[in-house]
Amino acid sequence: MTSQPAAPERQRDAERTKAEILEVAQQEFARHGYAGARVDEIAARMRTTKRMIYYYFGGKEQLYIAVLEKAYAEVREMEQTIEVEHLAPVEAIRTLAELTFDHHDLHREFIKLVAIENIHQAEHIRKSQALANLGTPVLDLISRILDAGQQSGDFVTEADAIDVHMLISSFCFFRVANQHTFGALFGRDMTAPEHRDRLRRMVGDAVVAYLRGAGARS
């Protein structure tokens, strides 16, 4: 009897190892930033070697880019769970806003990574082919919702998909990214549990009100 080739199992082990490295690296980059993160520390936490990490990813910058690709891909995967065809336009855009709120609330490291990459003026994102067109699916999703809302008469504002995406993202992002400075200045922790449901409704209400023409100039 011939034994089964070990290649598939080795491949699974390699993918599992890469996934574990990315998980630890994401925590390290989110905590210390790109400049402050140390591959030696990631290796120590993984109980592996720096050489092994470089074997899989090539270097610190490539590892950081892979972390960004993973983080953004998870957001896009969440957005694609919305079945627009089965939801009325108002419900669809509200669902997108609330799911974005939930994602940012649960993935605080993603917010830190985005803030860090903005400090670097998107230098590393621009080097990623995987991220080059990653924004297209969410814009397509929003465009389909907006088109449906215009046709149904639910939406009267001539809205741009990028503007709507920015409106949703800015609210959800600010709540997490600015929680400490906002709390110090105004004495309110925006991420505290007692505020969560109200703010989650607020972002949906704001987007729906804008699309329905609230505040439109006569």
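Okay, so let's go over this structure. (Residues numbered from 1 in each chain as written. Predicted model: local features only at pLDDT ≥ 70, side-chain atom pairs only at ≥ 80, totals over all residues. Heavy atoms only, no water.)

If you tally the helices and strands in the chain, you get 11 helices and 0 strands. The secondary structure elements of the chain, listed N-terminal to C-terminal, are α-α-α-α-α-α-α-α-α-α-α. Dimensions along the principal axes, computed over C-alpha positions, put the chain at roughly 75 × 55 × 30 Å. The buried share among the 218 residues of the chain stands at 39%. (Helix = DSSP H or I, 4+ residues; strand = E, 2+ residues; numbered from the N terminus. Buried < 20%, exposed > 50% of the residue type's maximum accessible area, 1.4 Å probe, protein only.)

Within the element layout of this structure, Gly204 appears in helix 11 (residues 193-211). In this structure, the C-alpha to C-alpha distance between Gly204 and His104, residues 100 residues apart in sequence, is 15 Å. What Gly204 contacts, discounting residues up to four positions off in sequence, is Arg94 and Ala97. (Contact = heavy atoms within 4.5 Å.)

With that out of the way, let us pick up empty space enclosed by the protein. Applying the stated criterion to the full structure yields 1 cavity of 30 Å³ or more. Reported here for the largest cavity is a volume of approximately 30 Å³. Considering the residues around the largest cavity, the lining is formed by Gln26, Ala71, Glu74, His103, His107 and Phe110. When its residues are assigned to classes, the lining of the largest cavity shows 2 nonpolar, 3 polar and 1 charged. (1 Å grid on protein atoms, 1.4 Å probe; cavity = no way out; pocket = protein on both sides within 12 Å on 5 of 7 lines; lining within 4 Å. Points joined across faces, edges and corners; volume = space filled by probe spheres on them. Nonpolar A, V, L, I, M, F, W, Y, C, P; charged D, E, K, R; others polar.)

Let's shift gears to the packing of helix 2 (residues 39-46) against helix 3 (residues 50-57). For the pair helix 2 and helix 3, the least separation of the axes is 8 Å and the interaxial angle reads 105 degrees. By the angle between their directions, the pair helix 2 and helix 3 is classed as roughly perpendicular. Seen from helix 2, the contacting residues are Val39, Asp40, Ile42 and Ala43; seen from helix 3, they are Lys50, Ile53 and Tyr54. In the contact of helix 2 with helix 3, the residues fall into 5 nonpolar, no polar and 2 charged. (Axes fitted to C-alpha atoms, helices over the stretch in contact; angles between N-to-C directions. Parallel < 35°, antiparallel > 145°, perpendicular 65-115°, else oblique.)

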